[in-house]
Amino acid sequence: TGGTKGIGKAIALAFGQCGANVVVAGRHEDECTAVAEAITSAGGHGKGIRTDVRNIDEIDALIAGAAETFGGVDILINCAGVAITKKILDLDVKDYDMVMETNLRSVLFAAKAAAAVMKASEKYGFPANSCGFSPHYFWQKRQKSYRGGVPAFPPGCSAKRQARLSGNSKEEMV
């Protein structure tokens, strides 16, 4: 759902209410624009950018657009997600690829694009992954099992945090 519905929209609006600059991404431009306008009305500065996170070029354009509009990227919220509710015998490779590209691959490549902008500006920010995965909710395993890959990414996906935890310099981590 990205920043246009559910948790992503709530996070975007909360940042907007705090006066933040917020780029709202989602697959539908009109929904991105509506949330961006709500952010601006709430005291923040919003911009909507239509993005299909299954497309790495669109992820790169999203991060570049955020940096161009607001002078950088300080925080990245990875919140897009889809679930296929078909029976296992009805699943095909296209279903699997859509879930993995949206819910896992996009997290890595959005964090990578944001990290490049942060490194260039020497401002190391905070990518956060809202993956909705909890090992305590096994009843959700059919829809949420792909989310187990997100915690395997570097701790916090933050170069500054990784450097602090590992003792390595930021330059070695990005």
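Reading guide: rules and limits
- Residues numbered from 1 in each chain as written.
- Predicted model: local features only at pLDDT ≥ 70, side-chain atom pairs only at ≥ 80, totals over all residues.
- Heavy atoms only, no water.
- Helix = DSSP H or I, 4+ residues; strand = E, 2+ residues; numbered from the N terminus.
- Buried < 20%, exposed > 50% of the residue type's maximum accessible area, 1.4 Å probe, protein only.
- Contact = heavy atoms within 4.5 Å.
- Areas by Shrake-Rupley, 256 points an atom, 1.4 Å probe, with all protein chains shown as cover.
- Expected span 1.5 Å × (residues − 1).
- Arc of directions from axis to C-beta.
- Patch = residues over 30% accessible without salt bridge, like charges linked within 9 Å, V, L, I, M, F, W, Y side chains within 5 Å.
- Salt bridge = Lys/Arg side-chain N within 4 Å of Asp/Glu carboxyl O.

1. Description of the overall build of the chain
And step 1. Across its full length, the chain holds seven helices and four strands.
And step 2. For the chain, the residues scored as buried account for 33% of the 174 residues in total.
And step 3. When contacts within the chain are restricted to residue pairs at least 6 apart in sequence, long-range pairs at least 24 apart make up 57% of them.
And step 4. Accessible area for the chain stands at about 10100 Å²; split by element, carbon and sulfur atoms hold 56% of it.

2. With respect to the side chain of Asp52
And step 1. Inspection of the secondary structure assignment puts Asp52 in the loop between strand S2 (45-50) and helix H3 (56-70).
And step 2. The exposure class assigned to Asp52 is buried, which follows from its relative accessible area of 16%.
And step 3. In this view, Asp52 contacts Arg27 and Glu58; residues no more than four positions away in its chain are not counted.

3. Brief notes about helix H1 (residues 6-17)
And step 1. If you check H1, its first and last C-alpha atoms are 17 Å apart, about what 12 residues at 1.5 Å a residue would give, namely 16 Å.
And step 2. By the burial criterion, the buried members of H1 are Gly8, Ala12 and Gly16. Burial along H1 is one-sided: seen end-on, the buried residues are contained in an arc of 70°. Every exposed residue of H1 that faces more than 90 degrees away from the buried side is listed here: Gly6, Ile7 and Gln17.
And step 3. Tucked into the core, H1 has its buried residues touching strand S1 (21-26) and helix H2 (29-41).

4. Considering a nonpolar patch on the surface
And step 1. Together, Phe15, Ile75 and Ile77 line one region of the surface with nonpolar side chains, adding up to about 220 Å² of accessible area.
And step 2. Residue placement: Ile75 occurs in strand S3 (residues 75-78).
And step 3. Its relative accessible area of 43% is what places Ile75 among the partly exposed residues.

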